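Each chain is listed here by its residues.
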Amino acid sequence: MGRMTADFKHDFKERRKRCCAHLPPGSIVLLPAGPEVVRTADQHYPYHQDNDFYYLTGFVEPEALAILLPDEQQLILFNRPRDPAKELWDGLRSGQDGAKRDHGADHAYSISELSVKLAELLAQRRRIYLPLLRSPQLVAQVLEILGGLQAKSRKQENPFEGLFDIAPILAEMRVIKEANEINCMRNAAEISARAHADAMRACRPGMMEYELAAVLKHRFYSEGCQNVAYPPIVGGGDNACVLHYVNNNQPLRDGDLVLIDAGGEFNHYAADITRTFPVNGRFTPEQKALYELVLAAQQAGIDAVAPGQPFIAVQEAIVNVFITGFIDFGWLPKDVGDQQVEAFCKKIYPHSSGHWLGLDVHDMGAYWHHGESRALVPGMVLTVEPGLYIPHGTTEVPEEWWGMGIRIEDDILVTEQGNDNLSQDAPKTVVDIEAVMKKK
Ligand code: GLY
Ligand code: MN
Ligand code: MN
């Protein structure tokens, strides 16, 4: 939990300023830290700060509440006090001095003082912004305080206007990444790309799926990732067709493909990369043909990422390549109708082109504005991840293609000129994958 660099501190402060600029006079923002979740008795699940809270404060400890006062341009932090007896077991706490010194809090109080001080802070505020749908406990606490205040303030000069959701405002800020965020994401993607290359080099028939997961995690953690961005997916054969397969407990068989979807989290920012390759290092003709179709679709999707393009253009580009391929393979007739195409695509490509990426792997931010697919803007990061899934028994496709799940996923930054593939170092062409796997 090292000290932040000066640059990061500046970023958090600027974000608070920009957030406040969205709010009318008389507003107050309440943002709670992520909860600690008990696993059993005195054990907790590994703690992860709430990403909106982190985005505005950089503060990573639990049991905290940040308050922004836009009129006063102030940050007030309620957090845990220093406590040598607790720190002996769990490590240093920032305390109130640390909150002010390291996190730019104008005032800091012990979290135990919250209920008394919150009533003072809420008095005379016209609008209270908080995560309305995600923090029922805080909402209940605020409503109780408001009930008490109302009894005393019938002649309040600033009439109370209500509780408002802060989440959409932060989501819209988070969808456009700043320079330091892009650096973290590039680092996460580059480490994760090396992890995928490691897994290709390590793979041998007879290994267990979890052994490859271990190879990936070794690279993430040894290069400074503090977490996995999501549980790694390592699926051989039909398991690759389970979109969020996480059991990873089956042997990898000679002649099968294996799909790996895994990314590390570096300095809170996620990578999300998928590669698919032959367990024995050599693609069969069918595997190569299907792989190259997914690769062509992915390239078309990446090429559609440019400022001004709608998000949906990525999916349209992918589907166009797929349909041509399905007709070439003889899976669909040349004169195929729209309905048949749609049903067939849904069957073997049942997901969209990807999602925003950032602090969360499925990051915040709307995909549609006023019923229209949102236009891409420099600073956005999205995944492009087409896949085809043909487990045994897929009667819509001839039997020689059964047992394959292929997805290829990269992390794409929208730039002024077009795009930049942050995860391009993970081997991806048939030639590159076979070459990497040969060098064992
Ligand atoms: N790793 C989850 C996803 O690709 O969306
Ligand atoms: Mn993924
Ligand atoms: Mn993804």
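We now turn to the structure provided with this report. It should be emphasised that the depicted structure is a prediction, and the values quoted were computed from it without experimental measurement.

1. Observations concerning the coordination of the manganese ion (ligand 2)
For step 1, the next point in the chain: Within the protein, the manganese ion (ligand 2) binds to Asp261 (OD), Asp261 (OD), Asp272 (OD) and Glu409 (OE); these donor distances fall in the range 2.0 to 2.3 Å.
For step 2, the next point in the chain: Relative to the metal, the six donor atoms surrounding the manganese ion (ligand 2) lie at angles of 57 to 170 degrees, and the coordination shape comes out irregular.
For step 3, the next point in the chain: Within one chain, the residues serving as donors to the manganese ion (ligand 2) are arranged as D-x10-D-x136-E.
For step 4, the next point in the chain: A spacing of 3.3 Å is found between the manganese ion (ligand 2) and the manganese ion (ligand 3), which share Asp272 as a donor. Linking Asp272 in the loop between strand E13 (269–270) and strand E14 (273–278) with Glu409 in the loop between strand E19 (404–407) and strand E20 (410–414), this pair joins segments that are 137 residues apart in sequence. Neither residue differs from the other here; Asp272 and Glu409 are each classed as buried.

2. Describing the packing of helix H10 (residues 285–303) against helix H11 (residues 312–328)
For step 1, the next point in the chain: Packing of H10 against H11 brings their axes to within 7 Å, and their N-to-C directions diverge by 150 degrees. The orientation of H10 relative to H11 falls into the category roughly antiparallel. Crossing handedness for the pair H10 and H11: right-handed. The segment H10 lies against H11, with Leu293, Val294, Ala296, Ala297, Ala300 and Gly301 engaging Val314, Ala317, Ile318, Val321, Phe322, Gly325 and Phe326.
For step 2, the next point in the chain: Across the contact of H10 with H11, the residue classes tally to eleven nonpolar, two polar and no charged.

3. Thoughts on the sheet that holds E20
For step 1, the next point in the chain: On the basis of which strands lie adjacent, the open sheet formed by three strands has the order E17-E20-E21 and antiparallel pairing. Each edge of the sheet is formed by a strand with only one pairing partner; in this case those strands are strand E17 (381–384) and strand E21 (419–421). In this sheet, neighbouring strand axes are inclined to one another by 35 degrees on average, regardless of whether the strands run parallel or antiparallel.
For step 2, the next point in the chain: For E20 and E21, the ladder comprises three bridges, and the chain directions are antiparallel. Each residue of the ladder has a partner; that of Val414, found in E21, is Asn419.

4. What about empty space enclosed by the protein?
Once rolled over the atoms, a probe with the size of a water molecule shows which space is left empty.
For step 1, the next point in the chain: Applying the stated criterion to the full structure yields one cavity of 30 Å³ or more.
For step 2, the next point in the chain: What the largest cavity holds in volume is close to 30 Å³.
For step 3, the next point in the chain: Surrounding the largest cavity, Phe8, Asp11, Phe12, Arg15, Tyr54, Asn180, Glu181 and Tyr269 form its lining.
For step 4, the next point in the chain: Elements represented by at least two residues in the lining of the largest cavity include exactly helix H1 (6–21) and helix H8 (179–202).

5. Remarks on the packing of aromatic side chains
For step 1, the next point in the chain: Enumeration over the complete set of coordinates arrives at 16 aromatic pairs.
For step 2, the next point in the chain: Look at Trp331 and Trp401: their rings are 5.1 Å apart centre to centre, the planes differ by 85 degrees, and that puts the pair in the edge-to-face class. Residue Trp331 is located in the loop between H11 and helix H12 (338–348), and its partner Trp401 is located in the loop between strand E18 (387–390) and E19; the two are separated by 70 residues in the primary sequence. Each of the two residues, Trp331 as well as Trp401, counts as buried.

6. Examining H11
For step 1, the next point in the chain: Compared with an ideal rise of 1.5 Å per residue, which puts 17 residues at 24 Å, H11 spans 25 Å between its outermost C-alpha atoms and is within 8% of the ideal.
For step 2, the next point in the chain: Among all positions of H11, only Ala313, Val314, Gln315, Ala317, Ile318, Phe322, Ile323, Gly325 and Phe326 are buried.
For step 3, the next point in the chain: Of the surrounding elements, those touching the buried residues of H11 are H10, H12, E17 and E18.
For step 4, the next point in the chain: At the exit of H11 stands Gly330, carrying a positive phi of roughly 80 degrees.

7. Some details on the coordination of the manganese ion (ligand 3)
For step 1, the next point in the chain: Here the manganese ion (ligand 3) is held by Asp272 (OD), His355 (NE2), Glu385 (OE) and Glu409 (OE), and the distances to it run 2.0 to 2.2 Å.
For step 2, the next point in the chain: All donors of the manganese ion (ligand 3) come from a single chain, and their spacing in sequence reads D-x82-H-x29-E-x23-E.

The rules behind the values
Residues numbered from 1 in each chain as written. Chains lettered and ligands numbered in written order. Predicted model: local features only at pLDDT ≥ 70, side-chain atom pairs only at ≥ 80, totals over all residues. Heavy atoms only, no water. Donors = N, O, S within 2.8 Å, 3.2 Å for Na, K, Ca; no water. Tetrahedral: all angles 85-135°; square planar, octahedral: opposite > 155°, others 65-115°. Helix = DSSP H or I, 4+ residues; strand = E, 2+ residues; numbered from the N terminus. Buried < 20%, exposed > 50% of the residue type's maximum accessible area, 1.4 Å probe, protein only. Axes fitted to C-alpha atoms, helices over the stretch in contact; angles between N-to-C directions. Parallel < 35°, antiparallel > 145°, perpendicular 65-115°, else oblique. Left-handed = near helix turned anticlockwise from the far one by under 90°. Contact = heavy atoms within 4.5 Å. Nonpolar A, V, L, I, M, F, W, Y, C, P; charged D, E, K, R; others polar. Pairing = 2+ DSSP bridges. 1 Å grid on protein atoms, 1.4 Å probe; cavity = no way out; pocket = protein on both sides within 12 Å on 5 of 7 lines; lining within 4 Å. Points joined across faces, edges and corners; volume = space filled by probe spheres on them. Phe/Tyr/Trp six-rings, centres within 6.5 Å; stacked < 30°, edge-to-face > 60°. Expected span 1.5 Å × (residues − 1).

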